[in-house]
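Chain by chain, the residues run as shown.
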Amino acid sequence: MTTSNYTVLIIEDEKNISDFMSKALKSNDYRVITAVSGKAGLSLISSQCPDIILLDLGLPDMDGNDVITSVREWTSSPIIVISARTDERDKVTALDLGADDYITKPFGTPELLARIRASLRHSNRMDSNSALYIRPYQCQGLLLDFDKRMLTLNGEKIHLTQVEYKIVAFLARNSGKVMTYSAIMSNVWGPFTGDNNRILRVNMANIRRKIEQNPSKPQFIFTEVGVGYRMHEDENELP
Ligand code: CA
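Note that the structure is a prediction, hence the values are computed from the model and not measured.

1. Here's the deal with the pairing of strand β12 (residues 228–231)
Point 1. Looking at chain direction, strand β10 (residues 178–180) and β12 are connected through 3 bridges and run antiparallel. Bridging across to β12, Thr180 finds its partner in Gly228.
Point 2. Strand direction decides the pairing type here: strand β11 (residues 221–224) and β12, joined by 4 bridges, are antiparallel. Bridging across to β12, Glu224 finds its partner in Gly228.
Point 3. Hairpin connection from β11 to β12: 3 residues lie between these consecutive antiparallel strands, with Gly226 at a positive phi of about 75 degrees.

2. Here we look at the pattern of salt bridges
Point 1. In the structure shown here, the tally under the stated rule is 14 salt bridges.
Point 2. In this structure, Lys105 and Glu14 form a salt bridge, with 3.2 Å as the shortest nitrogen-oxygen distance. Placement of Lys105 in the loop between β5 (101–104) and α5 (109–127) and of Glu14 in the loop between β1 (7–11) and α1 (15–26) is noted, with a sequence separation of 91 residues between them.
Point 3. Take Lys105: its relative accessible area is 15%, and that puts it in the buried class.

3. Quick word on the sheet that holds β10
Point 1. With respect to topology, 3 strands assemble into an open sheet ordered β10-β12-β11, the strand pairing being antiparallel. Each having just a single partner strand, β10 and β11 make up the two edges of the open sheet. Direction aside, the axes of adjacent strands within the sheet are offset by 30 degrees on average.
Point 2. Packing of helix α6 (residues 162–173) onto the sheet brings it into contact with β10, β11 and β12, and relative to β12 it is tilted by some 65 degrees.

4. Focus: the coordination of the calcium ion
Point 1. At 2.1 to 2.4 Å from the calcium ion lie its protein donor atoms, namely Asp13 (OD), Asp56 (OD) and Gly58 (O).
Point 2. Donor residues for the calcium ion, ordered by position in the chain, follow D-x42-D-x1-G. Linking Asp13 in the loop between β1 and α1 with Asp56 in strand β3 (residues 52–56), this pair joins segments that are 43 residues apart in sequence.
Point 3. Accessibility expressed as a relative area gives 33% for Asp13, which makes it partly exposed.
Point 4. On the accessibility criterion, Asp56 (4% relative accessible area) is buried.

5. Regarding the sheet that holds β3
Point 1. In spatial order, the strands read β2-β1-β3-β4-β5; together these 5 strands make up an open sheet with parallel pairing. Of all the strands in the sheet, the pair left with one neighbour each is β2 (31–35) and β5. Put simply, the sheet's adjacent strands are angled 20 degrees from each other on average, direction ignored.
Point 2. Relative to β2, β1 is paired through 5 bridges, and the arrangement is parallel.

6. Focus on the confidence of the model for the chain
Point 1. Averaged over every residue, the pLDDT of the chain is 90; residues scoring 70 or more account for 94%.
Point 2. Ignoring residues within four places in sequence, the model shows residues 128–132, a span with pLDDT below 50, making 0 contacts including any to other chains.

7. As for the packing of α6 against helix α8 (residues 198–211)
Point 1. Two elements in contact, α6 and α8, have axes whose closest approach is 10 Å; the angle formed by their N-to-C orientations is 85 degrees. The orientation of α6 relative to α8 falls into the category roughly perpendicular. Between α6 and α8, the contacting residues are Val163, Glu164, Ile167, Val168 and Leu171 on the first element and Leu200, Asn203, Met204, Asn206, Ile207 and Lys210 on the second.
Point 2. Among the residues making up the contact of α6 with α8, the classes are represented as 7 nonpolar, 2 polar and 2 charged.

Conventions adopted
Residues numbered from 1 in each chain as written. Predicted model: local features only at pLDDT ≥ 70, side-chain atom pairs only at ≥ 80, totals over all residues. Heavy atoms only, no water. Pairing = 2+ DSSP bridges. Helix = DSSP H or I, 4+ residues; strand = E, 2+ residues; numbered from the N terminus. Salt bridge = Lys/Arg side-chain N within 4 Å of Asp/Glu carboxyl O. Buried < 20%, exposed > 50% of the residue type's maximum accessible area, 1.4 Å probe, protein only. Axes fitted to C-alpha atoms, helices over the stretch in contact; angles between N-to-C directions. Contact = heavy atoms within 4.5 Å. Donors = N, O, S within 2.8 Å, 3.2 Å for Na, K, Ca; no water. pLDDT = per-residue confidence, 0-100. Parallel < 35°, antiparallel > 145°, perpendicular 65-115°, else oblique. Nonpolar A, V, L, I, M, F, W, Y, C, P; charged D, E, K, R; others polar.

Right under this line is the structure:
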């Protein structure tokens, strides 16, 4: 993916963090605009139409979650929350309000770039023709062929139940992005499954036994504690 055309808006009042992100993004060919308050950010979003928004939750003039609510009234531009908060509920709230992903301070450049790539990729796919061919997901010997509904690891077929396949396919389609328990459950079991995620955790344990060398130290599907799961970024998408 070429990044030269993408404009990133950073809404962050801490100058050193904003500068760090600006520098990292500019040296990777993104165009960067910045705002230090929620109001200034909202005005730049309507005037500049950024391709992606990096949003600090703790802003001087308004709560970052109110920025998300306001933005979602008129645009689906991806929003990545930049949060110092470690409280999982804040992350889930931000995701439920329409944020696409989050990254917790402190973070490094590779992680920031990976999150941005995953969110841009996802939003581009949403815009494009849904009948578009989806190429296989590939990562460290794991290959998921969406057409054949087949998962292989180092060339060997992995037998998944219907439900296990749906979970893995959903995470692979959104690889690199965190998916909340509720998003996964409503995708796999439908919208009325309730919020008891035990059945999802049981299925995940079975999936991990089948694909992970060491299920307690997964290399393909990571746990985001209290939030959901994130599948390793597709190797085809790495720069
Ligand atoms: Ca702040």
